[in-house]
Amino acid sequence: MTGELRQRYVHDTTTVTTTTTTTTWMEASSLAEIDNDDSYPVKPHRLHLQGQHLSASLDAGNKSDSTVSSSLTKSRLARIVEASSSTILTLVLTGFSAWTRYRDILSTNNVTWDEAHFGKFGSYYIRGEHYFDVHPPLAKMLIGLSGILGGYDGSFNFESGANYPDINYRFMRLFNATFGVVMVPLAFWTARELHMSRPAATFAAAMVLMDNAYVTISRYILLDSMLLSSTFFVVLCLTKFRNLRDRPFSAKWWVWLSLMGVGIGTVSSVKWVGLFVTALVGLTAYMMHWVARSIFLIALPVSIYVACFVAHFRILTNSGPGDAYMSSLFQANLNGSDFSKNPLAYPHGSKQQQVTTYHHKDNNNQWIIVRPHALQKSLSPDLNPNNFNGDIHVLKHGDVIRL
């Protein structure tokens, strides 16, 4: 009860007791009779004691209110200080992370390690040439995007060890390094969500900050910085979501559930090993939880994964080095493919349509036509069957040949 309500209650009670006293006081002959007579609900001579008790209660109530108000103020101040301290630490850690990842990023001006692969894949996206690779396409499309943003036209082949020509490969490396930068603040906030103290969370983030492997692999045009930052993001979303388990289906619960689904879809679309992060996300709950998790942790990641391949095939519409891995029907729909010239006819002889059941582009498509062994020995036993500089023999219907 607040102080204002207590004062109103005492005022009303005092008014009632005063009115009652005036009608009963003169009829009683002594204070003892009043004490012993139950017909007197109010004992006038004891009102001063009740007043003292009420005053004492009011004083205690006012003190309690002031104590609660002071506690609330201190609690708000503590939360503000906590949030400010965590924000300042996040900014400091992010600054150090940027310094370690960006510093001297051009110290090597040659194609280093797997830049020969993933830089080349980015060039294919810029040129729109179809290629084949074992990894999903999201990170490689982002590498191509970084090249476009940096003004690169896709003309460099990224030969291993070759010096970079006059292209803005610095921007492409900085783009990839940014994914390595965000790993440090993600590690800090994940540790805080795991209820670690601020010093412990700072130590955890510092371990990520100073890990030599993380620093090195973030400074080149590779897929790994994107893979790791996506994994860190999924773990942060998981810890935030777990901390909201006592508030299921609240607004924040849905937000972090959907963000976790986006993270799973992203990390799975960078590399297949990203699928292992889904082992951290359980589906053990009641029906509504099953439905919610099925939508946001299965359907949403799968849709992101499929959308990456849709974009992959929409961009790569021209014939390229990956044609041989695809079916004939697929190759026939690529711009500039030999299959777009079909039907091809034999240039001589029957001039009918050429037919083949082997669609790969390699030496298996090159056939050598020679006479059968017996016929070759009887006609020209000393003639080398692989000598193609001799006379041309036109094949006729019914001739027996050896391939």
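Residues numbered from 1 in each chain as written. Predicted model: local features only at pLDDT ≥ 70, side-chain atom pairs only at ≥ 80, totals over all residues. Heavy atoms only, no water.

## A closer look at the overall build of the chain
- In terms of helices and strands, the chain carries 14 helices and zero strands.
- Written out in order from the N terminus, the α and β elements of the chain read α-α-α-α-α-α-α-α-α-α-α-α-α-α.
- Residue burial in the chain is summarised as follows: out of 403 residues, 33% are buried.
- Intrachain contacts of the chain at a sequence separation of at least 6 include 69% that bridge at least 24 residues. (Helix = DSSP H or I, 4+ residues; strand = E, 2+ residues; numbered from the N terminus. Buried < 20%, exposed > 50% of the residue type's maximum accessible area, 1.4 Å probe, protein only. Contact = heavy atoms within 4.5 Å.)

## So, the packing of aromatic side chains
- What the rule picks out here adds up to 23 aromatic pairs.
- When the ring of Phe241 is compared with that of Trp253, the centres are 5.2 Å apart and the planes differ by 45°; the resulting orientation is tilted. Here the residue Phe241 occupies a position in helix α10 (residues 224–243), and Trp253 occupies one in helix α11 (residues 251–270), the gap between them amounting to 12 residues. The two residues Phe241 and Trp253 agree in class, both being buried. (Phe/Tyr/Trp six-rings, centres within 6.5 Å; stacked < 30°, edge-to-face > 60°.)

## What about a nonpolar patch on the surface?
- On the surface, a cluster of nonpolar side chains totalling about 560 Å² of accessible area is made up of Trp367, Ile369, Leu395, Ile401 and Leu403.
- In this structure, Trp367 sits in the loop between α13 (328–332) and α14 (373–379).
- Overall, Trp367 belongs to the exposed group, its relative accessible area being 60%. (Patch = residues over 30% accessible without salt bridge, like charges linked within 9 Å, V, L, I, M, F, W, Y side chains within 5 Å. Areas by Shrake-Rupley, 256 points an atom, 1.4 Å probe, with all protein chains shown as cover. Salt bridge = Lys/Arg side-chain N within 4 Å of Asp/Glu carboxyl O.)

## Regarding the pattern of salt bridges
- Considering all chains together, one arrives at six salt bridges under this definition.
- Its salt-bridge partner being Glu129, residue Arg127 comes within 3.3 Å of it at the nearest N-O pair.
- For Lys271, the salt bridge is made with Asp224, and the minimal N-O distance between the two is 3.5 Å. With a gap of 47 residues between them, Lys271 in the loop between α11 and α12 (287–315) and Asp224 in helix α10 connect regions that are remote in the sequence.

## Here's the deal with the packing of helix α7 (residues 183–193) against helix α8 (residues 198–209)
- Running from N to C, α7 and α8 cross one another at 150°; their axes reach a closest spacing of 8 Å. Relative to α8, the element α7 is oriented roughly antiparallel. The crossing of α7 and α8 is right-handed. Contacts between α7 and α8 involve Met183, Val184, Ala187, Phe188, Ala191 and Arg192 from the former and Arg198, Ala201, Thr202, Ala204, Ala205, Val208 and Leu209 from the latter.
- The residue inventory of the contact of α7 with α8, partitioned by class, reads 10 nonpolar, one polar and two charged. (Axes fitted to C-alpha atoms, helices over the stretch in contact; angles between N-to-C directions. Parallel < 35°, antiparallel > 145°, perpendicular 65-115°, else oblique. Left-handed = near helix turned anticlockwise from the far one by under 90°. Nonpolar A, V, L, I, M, F, W, Y, C, P; charged D, E, K, R; others polar.)

## Things to note about the UniProt feature "transmembrane region" (unreviewed entry) in the chain
- Residues given the UniProt feature "transmembrane region" (unreviewed entry) here are residues 174–191, 220–241, 253–283 and 295–316.
- Counted over residues 174–191, helix gives 94% and strand 0%. Its end C-alpha atoms are 27 Å apart.
- Across residues 220–241, the secondary structure splits into 82% helix and 0% strand, with the terminal C-alpha atoms separated by 33 Å. (UniProt positions renumbered as here; feature names shortened; annotations may be inferred.)

## What to know about unusual backbone geometry
- Look at Trp113: it is not a glycine, yet its phi comes out positive at around 50°.
- For Trp113, the position within the fold is in the loop between α3 (47–102) and α4 (115–127).
- Residue class for Trp113 comes out exposed when judged on its relative accessible area of 57%.
- Even without being a glycine, Phe249 presents a positive backbone phi close to 65°.
- Mapping Phe249 onto the fold places it in the loop between α10 and α11.

## Concerning helix α6 (residues 169–181)
- Its 13 residues place the ends of α6 18 Å apart at the C-alpha level, agreeing with the 18 Å of an ideal helix rising 1.5 Å per residue.
- Within α6, the full set of buried residues consists of Tyr169, Met172, Arg173, Leu174, Phe175, Asn176, Ala177, Gly180 and Val181. (Expected span 1.5 Å × (residues − 1).)

## Here's the deal with the packing of α7 against α10
- Across the interface, α7 lies against α10 with an axial gap of 9 Å and an inter-helix angle of 20°. With respect to each other, α7 and α10 are oriented roughly parallel. Two packed elements cross with a definite hand, and for α7 against α10 that hand is left-handed. Within the contact between the two elements, α7 uses Met183, Leu186, Ala187, Trp189, Thr190 and Glu193 and α10 uses Leu228, Ser229, Phe232, Phe233, Val235, Leu236, Thr239, Lys240 and Asn243.
- When the residues that make up the contact of α7 with α10 are grouped by side-chain class, the tally is nine nonpolar, four polar and two charged.

## A short note on the nonpolar core
- The biggest cluster of nonpolar side chains holds 43 residues, and the ones touching the most others in it are Ile143, Phe156, Phe158, Tyr164, Leu257, Met260 and Val270.
- Of all the secondary structure elements, the ones that give two or more residues to this core are α4, α5 (138–149), α6, α10, α11 and α12.
- Filtering out sequence-adjacent residues up to four positions away, Phe158 remains in contact with Val111, Glu115, Ala116, Gly119, Lys120, Ser123, Tyr152, Tyr164, Met172 and Ile221.
- Residues Met183, Leu186, Ala187 and Phe188 belong to the second largest nonpolar core, which totals 13 residues. (Core = buried A, V, L, I, M, F, W, Y, C linked by side-chain atoms within 4.5 Å.)

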